[in-house]
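Observations on the three-dimensional arrangement
Residues per chain are reported as follows:
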Amino acid sequence: MIIKKYSCEILISFLFLSLLFYSSDPIFYEDSNRYLRGYSREVPLYSIIINILLSTFNSINSVIVFQTIFLCAAIIFFARTISVQFNLSLVPKIFVAIFLFLPTIKFYNYLLTEPLSFALSLLFISFIIKLIYNFKFLNLVLSALFIIALLLVRKQFIIL
């Protein structure tokens, strides 16, 4: 009974765990050094997260594990929000979750802001949907916090 109720969440968690077991080695790009050095003034949140994880775990793989788990949680939260607000059954909910999972196969282990910004975008959209269908002050505050976090991760979100 419980497995049937949470089958989408179990499936997405299994897919993300298989990605992590496959490889948690980071892929570096030119911008990665900027985030590692911590003097990225235009996007400070990602540099702060990297510095906290590096000082805590002393491994760059901890950043990849963190952003992969954060992506998994964001996709599960978004799929759950969509299914509750639009009364989706299990099959469409699984399709939404898998559709959101597919791009993460490409960039989950990049040491760039894409994984974190994708997860924050999903959480922001989830709270905006909740705000539209159920106007509560908490949904307004959380959507504002996620837009601020998005602005601190990527400057392109200034358009929001």
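Residues numbered from 1 in each chain as written. Predicted model: local features only at pLDDT ≥ 70, side-chain atom pairs only at ≥ 80, totals over all residues. Heavy atoms only, no water.

Here we take up helix α6 (residues 90-107). When the terminal C-alpha atoms of α6 are compared, their 27 Å separation across 18 residues agrees well with the 26 Å that a helix rising 1.5 Å per residue should span. Of the positions making up α6, those classed as buried are Lys93, Ala97, Leu100, Phe101, Thr104 and Phe107. Turning to α6, the residues buried within the fold contact α2 (7-22), α5 (61-85) and α7 (114-133). (Helix = DSSP H or I, 4+ residues; strand = E, 2+ residues; numbered from the N terminus. Expected span 1.5 Å × (residues − 1). Buried < 20%, exposed > 50% of the residue type's maximum accessible area, 1.4 Å probe, protein only. Contact = heavy atoms within 4.5 Å.)

Let us look at unusual backbone geometry. At Asn58, a position not held by glycine, the phi torsion is positive, near 55 degrees. Mapped onto the elements, Asn58 comes out in the loop between α4 (44-57) and α5. Residue Asn58 is classed as exposed on the basis of its relative accessible area, which comes to 67%. With phi around 50 degrees, Asn87 is a residue other than glycine that occupies positive phi space. Of note, Asn87 is situated in the loop between α5 and α6.

Turning our eyes to something else, we now look at the pattern of salt bridges. Taken as a whole, this structure holds three salt bridges when the rule is applied. Here Arg154 makes a salt bridge to Glu114, at a shortest N to O gap of 2.9 Å. With a gap of 40 residues between them, Arg154 in the segment after α8 (137-153) and Glu114 in helix α7 connect regions that are remote in the sequence. Since its relative accessible area comes to 30%, Glu114 is described here as partly exposed. A single salt-bridge network, built from bridges that share partners, covers Glu9, Arg80 and Lys93. (Salt bridge = Lys/Arg side-chain N within 4 Å of Asp/Glu carboxyl O.)

With that settled, consider the side chain of Ser117. Note on placement: Ser117 falls in helix α7. Judged by relative accessible area, Ser117 falls into the buried class, the value being 6%. Contacts of Ser117, omitting those with residues within four sequence positions, involve Leu150, Val153, Arg154 and Phe157.

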